[in-house]
Each structure stands twice: as C-alpha cells, then as structure tokens.
Amino acid sequence: MSERYRKVAYYPGCALEGTGHAYDRSTRAVGKKLGLDLVEVRNWNCCGAMEVKNIDPKLQTYLSSRVMSIAAQEMGMDTVMAPCNGCYHNLKKAEYDLANDAASRDVVDRLSQKAGHATYRAGSLTTIHALDWIKEALGEDGIRLRTTRPLAGLKVANYYGCMYTRPRHIFPEKDKGEGSESTAAPHFMDDILAAAGAEIVDYPLKTACCGGAHTLSDSDTSTKLVLNLLETAEECGADVIATECPTCHSGLEMHQVRAEKRFGRKTRVAMMYFTQLLGVALGIGPRRLGIHENISDALEVLRAKGLR
Amino acid sequence: MPIHEKSLIRPENLVTHENLEIDGVNVSGHWSTFIESRAVTDYNEAMEEEIGALPGGEFIHRCWQCGSCTNSCTVNAINPDFNPRYWIYLTRLGMESELLRDKDIIWQCVSCNKCTYACPRDVNPEGVMKALSHWLELKGHTPTSPSMHFDEEFAEQVFDTGRIEEGRIIRGFFARTGQPLLQDWLVEMGKRLLRHLPLKMLAVMGLGSVIRPRTRGWAGARAAIAQYVTERRAADRRALGLGGERK
C-alpha cells in the first residue's frame, strides 16, 4: 500500500448530500475499511457545477478556488479528493485557468479579497478523483489482497461519462503512458473492479454522454442518450453499470424509469457506484454501502449472484 | 455515423410551374424545376466580434472548418440539424438570418466536451454554443431556454447560500417553466426508491429541504459575486450594442 493519499482532504460536494448519498456513504465506508483518512474540507461551498459555468466561467473558477484555498491554505493539505466528476472537473479546470490565464487570476483575486479569504495559489494543491485515490493508495495487488468476497460472475460495464476525461488540457497527468489514466479509453475503474474479481465486459460507450446537463431541461434528449447507454450495456452482457459520478448515476437511474414510462422501453441492468461494488468485495455490508438507496434494484442483482 | 449536412437547396426554393413557356419551349411540371436565387444581403458584420466578446466565444476566430466538432457531437447523432461547424461558419461570415433558422435548437448542446476534445484549433466549440445561446437570448431572438431557466435557478441558490439543495432546484425549475411537479416517471422513481426503505437517505434529504444547507460566513462572497454579475451583465450588453438592463 502506497503512503501517498493515506490522508487526503475530502470534498463531497452538494450531490453527495442529496441524491448521491449512497456514493458518500460507500466512499467513506471503503476509506474506513482500508485505513485511508478522509478529512472533509471545512465549510465548503458548491464548485459551481455546469450551471454557474454557463452563467459565467470565471465565477465557477472563483467558487472552485475557494474550496481549494480552504483545503490548501487553511487546512494545510496537499491533496483534495472529489468523488463527483463535476466537482473533480471544476477543481481541475480552476487549477488550469489559474495557472494559465491572467484574467481568471485577477477575477479570483478580486473576489477572494472582497469575500475575505485567502486567494488560492495555483500549484499548492493536487486534485484527484476517487478512482485515482483507490488506484494509487491500494493498487490492484492491494485490492486483491483485501478482497474477501470476490465479485465472481458479476458482469460489469464501466461508465466514466464526460467530465472525468474531457477536455484533455485540464488533466495534464493523464495520457502519460503506462500507469497513467487514458482520456480516450479510461481504465482505472476497469482495473479496480477487475482486481475485486468482477468480470469486466467490453463496453464501447464508457465515455459517451448521458445528457446530464439537460436531465430536466431537455428530458427527451437525455432519455434517448441514457437508453442507448443501458441497451448497449445489456447487449454487452452486463448485469451492472458501474458509475463514478453522482450526476451520471442518478441520470441513468432516472431516465431508465422515464424510458419505461414515456417510451415503453424497459431495461433490467442495474446501476452501482464503483465504491459500492468495491465495498462488497471488501466484505462491507450492503446497507453500510447504501446499496438499498439505489433506484435500480442493485440488491436483487447481488442476491442473484450470491453476493449478499 | 455519417454527417448529414444541410442540403444547399431548400424545399421552399424549388419552384415548378403548372404552365410555363419560355422561348417557345414548354417547361411546365416537375421535369424542369427552377431554383430560386438566395443571395444574402443582410450580413451582420459584427457577429463574429459579438460572439467573441461573450464568455466561451473567445476563440471562434481560430476555426478552420475541419468539422471535427460536428463529427464528434453527441446531439448531432440524434438530430442532424444540430451542427456546430455550420453555426461557427455562419457566425464568422455574419449570416445572421441563416443562423436564426436554427435558433430554437442551439441551446440543446449537452456540454459533453467531445467537440472541445476533438478540435485541433482549440476553438472551444462547447463554449461557442453557450455564447450563441446567450447571444440569441440577449438579442431577443429566443425566449429564455429551459436550460437557462435551470442554470439561473441553480446559480441563484449557489450565489445566495454557497450551496444547493437538489429538491429545491427541482421544485424551482418546474415552477419557473410552468410544469407540474408530479410527473409520472418522478412518481415511479419515488416508489422504487422507497422499496428498500433508505431511512438514512430520506432523513438527510428531508432535513435539507427544511433547513437549507449553507456555507457559513457567506455574506462577503455573496456581495462580491453580486457585484461581479452586475458588471459582467453590463459588459455583455455593451459588447452587443444593447442598452439598459436585461428584463
């Protein structure tokens, strides 16, 4: 087990206190089981998500920078981990903009001073995703060693969505060859869940879009996009789609129901956060992982596979 | 998936005559269809500059029309009329009336960033789509889109308290757009959620809807953001040659 990431700042974000509650629970449960210390960012605020970026990109940069300023300057942490793709993406984007764009630096400096907190300085914090956290802290061998209930016979399609890999320039550590994550064909979740014993199916839509940005404002488009993801996963033989973003996860679950109600297209594949699947393999009980909070019947899938 | 480009000949510009004789030759009927001239006379020469002045549109001038954006586009795959390359082309030429033919779908960009990933010129086409949507609304060509209603509901909550609460967003959005909250699929989702009695989750979400989650000591940030938003809105309107405040 690597010492790096043994103790990191934890930025759950708004969704993990609402519809993504199970992601928060399972992330904390896995961290506890593995002896990885998560120190929640004190008095955090929303990263700005896609919506504030649409109103004004520099405001989103400011909101994300405040979170980073607390983690780095107030708490003295060197790494912040965000399980939500949206938060992770926005912190990365803020880091990039503050390092490369003088106009963004000016706005953030001005707003931070007026708001009365330290201005975040680019380079003082490393932002990682929950996938980086597990992959680096434990590694595949570490996971194999700690797996007490291998996910044998469970066919998993890994779904990464958009914000984890795009656009490329805000993820300078990716695409660096062996051991690094790929933006074109991400594989960290595949690696982690394969080490936990799952059978990974070849899923061609791992970075396709679920339409999360317009999940309510243009629901028919989102339902069409999600239905394509679900039906393709079933064609690939998957029992479960593993997710690593609360917006993707709830979008997939929401539009699975909507496709059934509005388009008469029923799919049976279940959605589970990768932390829930990993938690099962590590021997954590399903309720502590919040699997009963999922809208698709993930508990039933586990039961059918003899995993609970 | 092939790229279906728009036909350059529009159905309404195709003319057939029931009875027409030209220089003693009868050219009636479908065998001799005429195509009406479509010379463009109403260029908006400021259009590229206007889009370039709005957030997201800054790099539109870099485009060399390779079409990687449209080729990779998520929305184009389900609606061939959704064509970022073509809209960037029209904007750079100032063909405003042509762009307005697609004004009601431009806001449907899902921000998946596949275009921005594929673009060899760092145009940031996703940002250009947002700038175009803002431009259409600021100029009064389109009403506030459902997407903008959602963004405003969301952003106002963040600006106000530093955080959002999803239930409040959903209720606020449906109220703004005049839709009933009790959609059949939302009701069905609720039923399925209750199947395994997720008490802890219900408690957390219920508490959030009663006591709004908020960041402590947010007043300073709230004031700073409000001032910045006012400045930005005025700057956007100036860039588009518009007076006064947005309604």
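Draft legend 1. Representation of the overall build of chain B within the structure. Of the regular secondary structure elements, chain B holds eleven helices and four strands. Taken over C-alpha atoms, the radius of gyration comes to 24 Å for chain B, far larger than the 18 Å a tight globule of 247 residues would show. Reported as C-alpha extents along the three principal axes, the dimensions of chain B are approximately 85 × 45 × 35 Å. In chain B, which comprises 247 residues, the share counted as buried stands at 29%. Counting only contacts in chain B whose residues sit at least 6 apart along the sequence, the fraction spanning at least 24 positions is 65%.

Draft legend 2. Structural context of the nonpolar core. Residues and elements named next belong to chain A. Core analysis: the biggest nonpolar cluster contains 140 residues, and Val80, Ile192, Leu193, Val240 and Leu277 have the highest contact counts within it. Looking at this core element by element, the count peaks at eight residues for helix H3 (residues 57–74). Other than its neighbours up to four places away in sequence, Val80 contacts Val8, Ala9, Tyr11, Val41, Met68, Ala71, Leu91, Leu125 and Thr127.

Draft legend 3. View of the pairing of strand E3 (residues 79–82) of chain A. All names here are of chain A. Examined bridge by bridge, strand E1 (residues 7–10) and E3 share two bridges and lie parallel to one another. Residue pairing for E3: Ala9 is matched across the bridge by Val80. Here E3 runs beside strand E4 (residues 126–129); their pairing, made up of four bridges, is parallel. From the neighbouring strand, Ala82 faces E4, where its bridge partner is His129.

Draft legend 4. Expanded view of the packing of H3 of chain A against helix H4 (residues 85–100) of chain A. Residues and elements named next belong to chain A. Across the interface, H3 lies against H4 with an axial gap of 9 Å and an inter-helix angle of 100°. If you check the angle between H3 and H4, you find them roughly perpendicular. Of the residues in H4, those touching H3 at Gln60, Thr61, Ser64, Ser65, Val67 and Met68 are Asn90, Leu91, Ala94, Asp97 and Leu98. Of the residues contributing to the contact of H3 with H4, the split by class is five nonpolar, five polar and one charged.

Draft legend 5. Region of interest: the interface of chain A and chain B. Across the contact, 47 residues belong to chain A and 51 residues belong to chain B. For the side of chain A that touches chain B, the secondary-structure elements that each account for two or more residues are helix H2 (49–55), H3, helix H5 (102–115), helix H9 (219–235) and helix H10 (246–263) of chain A. It is H2 of chain A that provides the largest number of residues to the side of chain A that touches chain B, a total of six residues. By residue class, the composition of the side of chain A that touches chain B is 21 nonpolar, 14 polar and twelve charged.

Draft legend 6. View of the sheet that holds strand E5 (residues 155–158) of chain A. Residues and elements named next belong to chain A. With parallel pairing, the four strands of this open sheet are ordered in space as E6-E5-E7-E8. Of all the strands in the sheet, the pair left with one neighbour each is strand E6 (199–200) and strand E8 (270–273). Relative to strand E7 (residues 240–243), E5 runs parallel, the two sharing three bridges. If you follow Val156 over to E7, its bridge partner there is Val240.

Draft legend 7. The domain arrangement of chain A, seen in detail. All names here are of chain A. Here the domain parsing of chain A yields domain 1 (7–128) and domain 2 (148–304). The straight-line distance from the C-alpha centre of domain 1 to that of domain 2 is 24 Å. Breaking the side of domain 1 that touches domain 2 down by element, the ones donating at least two residues are helix H1 (21–34) and H4. Ranked by residues supplied to the side of domain 1 that touches domain 2, first place goes to H1 with nine residues. Of the residues contributing to the side of domain 1 that touches domain 2, the split by class is ten nonpolar, eight polar and four charged.

Draft legend 8. Quick look at the domain arrangement of chain B. Under the domain assignment used here, chain B contains domain 1 (47–138) and domain 2 (144–180). The gap between the C-alpha centroids of domain 1 of chain B and domain 2 of chain B is 25 Å.

Draft legend 9. Seen up close, unusual backbone geometry. With an omega of -10°, the peptide bond running from Arg166 of chain A to Pro167 of chain A counts as cis. Along the chain, the position of Pro167 of chain A falls in the loop between E5 and helix H8 (188–195). Positive phi is not limited to glycine here, since Gln65 of chain B has a value of about 65°. By the element assignment, Gln65 of chain B lies in the loop between helix H1 (47–53) and helix H2 (68–72). Under the C-beta neighbour-count criterion, Gln65 of chain B is labelled exposed, with 12 such atoms within 10 Å. Despite not being glycine, Asp122 of chain B has its phi angle at roughly 50°, a positive value. With respect to the helices and strands, Asp122 of chain B occurs in the loop between helix H5 (114–118) and helix H6 (125–138).

Draft legend 10. Here's a closer look at the environment of His214 of chain A. As for its placement among the helices and strands, His214 of chain A is situated in the loop between E6 and H9. Distance from His214 of chain A to Gly251 of chain A, taken between C-alpha atoms, is 9.8 Å for residues 37 residues apart in sequence. Excluding residues within four positions of it along the chain, His214 of chain A makes contact with Thr221 and Ser222 of chain A together with Gln108, Val110 and Ser147 of chain B.

So, how was this worked out
- Residues numbered from 1 in each chain as written.
- Chains lettered and ligands numbered in written order.
- Predicted model: local features only at pLDDT ≥ 70, side-chain atom pairs only at ≥ 80, totals over all residues.
- Helix = DSSP H or I, 4+ residues; strand = E, 2+ residues; numbered from the N terminus.
- Rg over C-alpha atoms; globule rule 2.2 N^0.38 Å.
- Buried ≥ 20, exposed ≤ 12 C-beta atoms within 10 Å, placed from the backbone.
- Contact = placed C-beta atoms within 7 Å.
- Core = buried A, V, L, I, M, F, W, Y, C linked by C-beta atoms within 7 Å.
- Pairing = 2+ DSSP bridges.
- Axes fitted to C-alpha atoms, helices over the stretch in contact; angles between N-to-C directions.
- Parallel < 35°, antiparallel > 145°, perpendicular 65-115°, else oblique.
- Nonpolar A, V, L, I, M, F, W, Y, C, P; charged D, E, K, R; others polar.
- Domains from an automatic or database assignment.

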